[in-house]
Amino acid sequence: MGSDQAVLLLTLLSLSTILSLAENIINIDCGASESDLRSSWVGDEGFITTGKPFTIPGQKYNPLRSLRSFPSDQLINCYRNIPATRRRKTLVRTAFYYGNYDGKSSPPSFTVIYDLKHTDNITYTDSSRSYEDQPLFISEVIFTPAEKSISVCLFRNSTSQPVPFISTIQVYGMDVGMYDDIGPKEGLLFRQRFACGAEAAIRDPYGRVWSPIKPKNQGSSELTTSPSSIDTTGVPNKPPATVMSEALLKDVIRLSDKTLAGSPLYLALYFSEPQSLDRTKKRSFNVFLDTKQLGSGPIVPVFGKATQFVIRDIVATSKSKLIFRSTSDSALPPIVNAMELYSILEAHDGGNNGGGLSSGGNGGEEQSGGGDSDDREDRRKKKAKLDKAAKAAQVADAAKAANAANGPTRKPKLPLILGVTFGSAFAALSSVIAAISCKKSQNAKPQSDTEPAMSTGSGEEAGVAPLVGQQLASDVSDHHRHGAA
């Protein structure tokens, strides 16, 4: 392939990457006024009209350099008109990097509300993950948008409490069939996700970050090597082949997460036989949560193919364990390739798109075992405030819609940004083609500066800025505030 053909191919690949990002991935750099198109991050203008932008001095990675804070007396502030695919599972991840932006050395606690349906409590503790000696909190929810756009809102209980803030919002669309065990009004609040045999974090095209299990915290284990290719086509949740390519000999996984108590859980386990077994050998085992067997029959992993095991509505404690126990006719020990664990959130009546608020973490009214009657009363009061705030936000939305019907409509800025991106890409492509033609007509030597400025990453890297690659992904890969012990 000649140099000019290579340049054309690289440009086409760059354009393909941009089109892919526009369809499936949106990264919002909260508090930023400009967009970094090379890394797919866009500023938040056009998504929100309240709050005050801040820049953290000395922070070099753009998405964590800026944030938006909400110091007004307004209790709920919302990012709106964030594009999504209607009735398709969507992963939304929000990051809150304090950076001592306000000089108070005291990160606040508040609530993030996804599409006015599902909530997570942003609460910093002494064990919170940190970055550059400052607290970093990451929240992640999978749910089904009822419309073609979603909202992300921040709520504080009273004006006397510290003001909320937000650093980034990331939205990833998922394929048909993924997490179909979850109904249209339910959501999955992330707890743990492991690539059990991996040595480093693995990201996939759906925004999921798969972390390695740390053997020193999990007891003795042995890494086993899988075949060079794994068939994952029959697995609805689509774990990446790189995650399935390594397995871990394992008989116990300790969940060790105090936020699990009382909430119904969604557990997904993934298996693939790492060895080509003859007829004299068999690997067969059952899975238990503490003393209760999960599923109706044993797991028999298949060589070169992935197997998905999903069970929902199980209840665990902060000390629960997954136990893998060989059957009597098994000659080989249990293995596990990957694992996902979520709390199931239910959207009740009274919120946006027919759904209300379901509180995650320790904030749900339906949780049990997490405190005495005073704690439950506090949670009921907080939920009532959230419901009231959500209804107020709906009224505000209706008023805006009525005003829009009587006047000019202001379109969200994201399509304009993407339009500029497409235009720039096509312009760059035209320029390259023209340059190639010109070079051929002049018999000129290829020049190195004809290479496109935009780099093209792998499918796992698409839409991920250097922040995620260098710092945020490593934090997420350890799974922010929930680690296995």
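Please read all numbers here as calculations on a predicted model, not as lab measurements. (Residues numbered from 1 in each chain as written. Predicted model: local features only at pLDDT ≥ 70, side-chain atom pairs only at ≥ 80, totals over all residues. Heavy atoms only, no water.)

Caption draft 1: Layout of the overall build of the protein chain. Looking only at helices and strands, one finds 7 helices and 27 strands in the protein chain. Going through the 485 residues of the protein chain one by one, you find that 49% of them count as buried. Partitioning the intrachain contacts of the protein chain with sequence separation of at least 6 by distance along the chain shows that 79% fall at a separation of at least 24. (Helix = DSSP H or I, 4+ residues; strand = E, 2+ residues; numbered from the N terminus. Buried < 20%, exposed > 50% of the residue type's maximum accessible area, 1.4 Å probe, protein only. Contact = heavy atoms within 4.5 Å.)

Caption draft 2: View of the packing of aromatic side chains. Enumeration according to the criterion identifies 15 aromatic pairs in this entry. For the ring pair Y124 and F137, a centre distance of 5.9 Å and an interplane angle of 70 degrees mean the geometry is edge-to-face. Of the two residues, Y124 sits in the loop between β8 (118-122) and β9 (130-131) while F137 sits in strand β10 (residues 134-143), which places them 13 residues apart along the sequence. Judged by relative accessible area, which is 12%, Y124 ranks as buried. Among the residues examined, F137 registers a relative accessible area of 2% and is labelled buried. Counting every residue linked through ring pairs, the aromatic cluster contains F54, F96, Y98, Y101, F110 and F165. Its end group placed over the ring of W210, R193 keeps NZ or CZ at 5.9 Å from the ring centre. (Phe/Tyr/Trp six-rings, centres within 6.5 Å; stacked < 30°, edge-to-face > 60°. Lys NZ or Arg CZ within 6 Å of the ring centre and 35° of its normal.)

Caption draft 3: Molecular detail of the sheet that holds strand β24 (residues 321-326). The sheet built from 4 strands is open, its strands ordered β19-β24-β21-β22 with antiparallel pairing. In this open sheet, the two edge strands, each paired with only one partner strand, are β19 (252-254) and β22 (292-299). Across this sheet, the average inter-strand angle for adjacent strands is 15 degrees, counted without regard to direction. As paired strands, strand β21 (residues 285-289) and β22 are joined by 4 bridges and run antiparallel to one another. Across the sheet, residue F285 finds its bridge partner in β22, namely I299. (Pairing = 2+ DSSP bridges. Axes fitted to C-alpha atoms, helices over the stretch in contact; angles between N-to-C directions.)

Caption draft 4: Region of interest: the sheet that holds strand β12 (residues 165-166). If you walk across this open sheet you meet the 3 strands as β3-β4-β12, and the pairing is antiparallel. Across the chains shown, the open sheet's two edge strands, defined by having one partner strand only, are β3 (52-55) and β12. Where strand β4 (residues 66-69) lies against β12, 2 bridges are found, and the strand directions are antiparallel. If you follow S69 over to β12, its bridge partner there is F165.

Caption draft 5: Structural context of the pairing of strand β7 (residues 110-114). Among the 5 residues of β7, 5 are classified as buried, and the element is accordingly described as predominantly covered. Residues F110, V112 and Y114 point to one face of β7 and T111 and I113 to the other, with burial holding for every one of them. In this structure, β7 lies alongside β8, joined through 5 bridges in antiparallel fashion. The partner of V112 across the bridge, within β8, is D120. Once β7 ends, the chain turns through 3 residues before running back antiparallel as β8, passing D115 with a positive phi of about 55 degrees. Taken together, the 4 bridges between β7 and strand β11 (residues 149-155) define a ladder with antiparallel strand orientation. Across the sheet, the residue bridging to V112 is L154, located in β11.

Caption draft 6: Representation of the state of the cysteines. This structure, assessed with the given rule, holds 1 disulfide. Here C78 pairs with C153 through a disulfide, and the sulfurs are 2.0 Å apart. Here the disulfide of C78 and C153 is right-handed, its torsion about the S-S bond being about 110 degrees. On the criterion of sequence distance, the pair formed by C78 in strand β5 (residues 76-83) and C153 in strand β11 is long-range, its members being 75 residues apart. Judged by its relative accessible area of 9%, C78 falls in the buried class. C153 sits in the buried class, given a relative accessible area of 0%. (Disulfide = S-S within 2.5 Å.)

Caption draft 7: Local environment of the nonpolar core. Within the largest apolar cluster, 38 residues are counted, with the highest numbers of intra-cluster contacts made by I28, Y79, I82, F96, V152, I166 and I169. For this core, the element with the highest residue contribution is β10, accounting for 5 residues. I213, L249, L260 and F309 belong to the second-largest nonpolar core, a separate cluster that totals 28 residues. (Core = buried A, V, L, I, M, F, W, Y, C linked by side-chain atoms within 4.5 Å.)

Caption draft 8: Spotlight on the pattern of salt bridges. In this structure the tally under the stated criterion is 11 salt bridges. A salt bridge links R93 to E140, with the shortest nitrogen-to-oxygen separation between them at 3.0 Å. Here E140 lies in strand β10 and R93 lies in strand β6 (residues 90-97), a separation of 47 residues in the sequence. Here E273 makes a salt bridge to R283, at a shortest N to O gap of 2.7 Å. Of this pair, E273 sits in the loop between β20 (264-271) and β21 while R283 sits in the loop between β20 and β21; the two residues are 10 residues apart in sequence, bridging distant segments of the chain. The class for E273 is buried, based on a relative accessible area of 1%. By sharing partners, the salt bridges in this structure join R93, E140, R193, D204, R208 and E340 into a single network. (Salt bridge = Lys/Arg side-chain N within 4 Å of Asp/Glu carboxyl O.)

Caption draft 9: Looking closely at the side chain of T111. For T111, the location among the structural elements is in strand β7. Within the local environment of T111, its side chain forms a polar contact with the side chain of N121, the two groups lying 3.5 Å apart. (Polar contact = N/O pair within 3.5 Å; in protein donor to acceptor, adjacent residues only side chain to side chain.)

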